[in-house]
Amino acid sequence: MSEKAKKSNQASRRRDFAFYDFLILAIAIAVFLAGWYGITKGSNIFVAGSFYSKGFYATYQLEGTIARKLGGSLLEIETVAADDETATLNVKVGGKTNKLVVNRDTAKVLEDTQINAPLIYYYDLHMEPWYTSATFGNDKKPYFSSEFTGLDSVLQAHVKQKNSDNMVLWYHRSEDRSYGPQYSWELNLYDEMGKNVGTIVNDSTSGVLLNARFYQDGLGTANLLRTNYPTSLNRQVIFCGMNLILVLWGIFHLVRAKRHRQEWEAHPTYFPLNFAGISKFYIRLMAFTIFDFLGVGVQTGNLNVLLVTDLIGLALMIYAVGGFAFPVVFKFLPWIAPLLVLAVGRPLDYVQYPFGIPLYLIAVVMYEINKFLVGKKNENLALGTGKI
C-alpha cells in the first residue's frame, strides 16, 4: 500500500472514531428528549399529580378592584381533601374560608353557584392540534367561573388559533421559591356582552395561574406569591437529565480518545488529554446547558444568581474558546436599563432576560467549526492534495 493510501486509510479511521462517539451522543439525547417530551408535555400531572391533590396550595396578592370586592389583599387556595375523582378546596380571602368541590381531572367546579366551569386559578388548557384539554376539550372559547375574581358576569376566554400567539414569557418570582422565566398562556376574558374584562396568564406546563388583570370597574390584579406545586418541574428534569448525559458521554469520549490515542491525536478536533485540554473540553460541551437556555441562573430565578453565573460563564468561555466567546457579551445588554433603574434607587425586580437565545452554543459552534476547518486543511496538506 502506498504512503498516500495509508494516510487516506488513517483519515477514514479517524472519521469513524469521531462519528460513532457523536452518533452515540445524538441517540442518547434524542431518546431522553423523546421520553421527557412524552411525559411532561401538557402538564406536570404525570409526575406530580394534579394541583387538586391533597396538600398543594397557592397564595395570591390582590390589588385594586379585586381586593376591594373580595375584602382582602391575600387569596389562599389549598386542596384539603381528595379522592379518585373529586377534591375539596379551602379558599381563604378577607378573613373568610370558602369550600369548593372540583373534579380533579377537568378542574371544573362541582358544588357552587357556577358549576361545570373551572376556576381561573388552575386549569388544563393546551390547544395543540393533536391534544385535547382535560378541562375544555377542543373548545377555543372556553368558559370560566367568575368566582373569586371580583367580576360580575360569566367569563368566556378567547383562545387564538395559533399557539405561538397565546404564548408569553413571564418571569415569576416566589417568596418561597423562584421559578424563573415561564413560557405561559395569555388569554383574554370577555363578559356576556363581548367586552374585554380581563387577561390571565398561567404556566403552560402546570396550569397554575401566574397573573390576572381585571378591567371591570377599574383595574384589579392577582399575582402569585407562593406555591408548593412544581411549576418548573419539567425544566428541572431536562436540566438534570441533559447535564447527566453530557457528563457521562464526556467521560466515555475521553476514555475512547485515550484508548485510540493515535487516531485521536490526528483528528481535526484534537485537544491534549491533560487538565487544560479536558477542562476546556467540558466547558465547551456543557456551557449551553449549564449557563444558557436551561442554566443555573434560569433555574433559580434569582437575578443576582443570574448575573453572577453569566459573569462566570463569560470568563470560562474566554478560557475555553478565546475570542469566539464574544457572542456571550450580548447576554449583558438587557441588564443596562435595569441597572440604571437600580442606580436611581428603585428596586431591581425584573430583567427582560434573553431566555432561549443560545449565545453560548453559538460561541462553541463557531470555535469548533474553525478548529475543524484548520484541522481539515492540515490533513489535506499532509495527504498531499493541497485542498483546503
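Everything here concerns the structure above.
What you see is a predicted model; the values in this text were computed from it and never measured.

The rules behind each value
- Residues numbered from 1 in each chain as written.
- Predicted model: local features only at pLDDT ≥ 70, side-chain atom pairs only at ≥ 80, totals over all residues.
- Heavy atoms only, no water.
- Patch = residues over 30% accessible without salt bridge, like charges linked within 9 Å, V, L, I, M, F, W, Y side chains within 5 Å.
- Areas by Shrake-Rupley, 256 points an atom, 1.4 Å probe, with all protein chains shown as cover.
- Salt bridge = Lys/Arg side-chain N within 4 Å of Asp/Glu carboxyl O.
- Lys, Arg positive; Asp, Glu negative; His and termini not counted.
- Charge placed at Lys NZ, Arg CZ, Asp CG, Glu CD.
- Helix = DSSP H or I, 4+ residues; strand = E, 2+ residues; numbered from the N terminus.
- Phe/Tyr/Trp six-rings, centres within 6.5 Å; stacked < 30°, edge-to-face > 60°.
- Buried < 20%, exposed > 50% of the residue type's maximum accessible area, 1.4 Å probe, protein only.
- Lys NZ or Arg CZ within 6 Å of the ring centre and 35° of its normal.
- Contact = heavy atoms within 4.5 Å.
- Polar contact = N/O pair within 3.5 Å; in protein donor to acceptor, adjacent residues only side chain to side chain.

Chemist: Let's hear about a negative patch on the surface: which residues, and what values?
Modeler: The grouping of D83, D84, E85 and D105 at the surface amounts to a negative patch. By the element assignment, D84 lies in the loop between β2 (74–82) and β3 (86–93).

Chemist: Can you break down the packing of aromatic side chains residue by residue, with the values?
Modeler: What characterises a pair of aromatic rings is the spacing of the ring centres plus the angle enclosed by the ring planes. By the definition in use, this model includes 16 aromatic pairs. Ring plane angle 80° and centroid distance 6.1 Å describe the contact between Y122 and Y229, whose orientation is recorded as edge-to-face. You can see Y122 sitting in the loop between β5 (109–111) and β6 (143–144) and its partner Y229 sitting in the loop between β12 (220–227) and α5 (233–259), a full 107 residues away along the chain. Taking relative accessible area as the criterion, Y122 reaches 4% and is therefore assigned buried. Residue Y229 is classed as buried on the basis of its relative accessible area of 0%. With a centroid separation of 5.0 Å and 85° between ring planes, the pair formed by W264 and F271 is classed as edge-to-face. Residue class for W264 comes out buried when judged on its relative accessible area of 3%. Classification of F271 as buried rests on a relative accessible area of 6%. Members of the aromatic cluster, connected to one another through ring pairs, are F22, W249, W264, Y270, F271, F281 and Y282. Lying across the ring of Y319, K280 places its NZ or CZ 5.1 Å from the centre. When the ring centre of F271 is taken as reference, the NZ or CZ atom of R284 above it lies at 5.8 Å.

Chemist: Which residues make up the environment of I357, and what are the values?
Modeler: Along the chain, I357 turns up in the loop between α10 (336–343) and α11 (359–383). The spacing of I357 and F293 is 64 residues in sequence and 6.9 Å in space, taken between C-alpha atoms. Every residue in contact with I357, bar those within four places of it in the chain, is listed here: D292 and K331.

Chemist: Any details on the pattern of salt bridges? Residues and values, ideally.
Modeler: Following the criterion strictly, the structure yields 6 salt bridges and no others. A salt bridge links D292 to K331; the nearest nitrogen and oxygen atoms lie 2.6 Å apart. Of this pair, D292 sits in the loop between α7 (275–291) and α8 (296–300) while K331 is found in the loop between α9 (303–321) and α10, placing the two residues 39 residues apart along the sequence. The pair D292 / K331 is uniform in exposure class, with both members buried.

Chemist: A description of the side chain of Q156 should follow, citing residues and the corresponding values.
Modeler: Position of Q156 among the secondary structure elements: in strand β7 (residues 155–158). By relative accessible area, Q156 is classed as buried at 18%. Within the structure, the side chain of Q156 is placed 3.5 Å from the side chain of Y143, a separation counted as a polar contact. Filtering out sequence-adjacent residues up to four positions away, Q156 remains in contact with K141, P142, Y143, N188, L189 and Y190.

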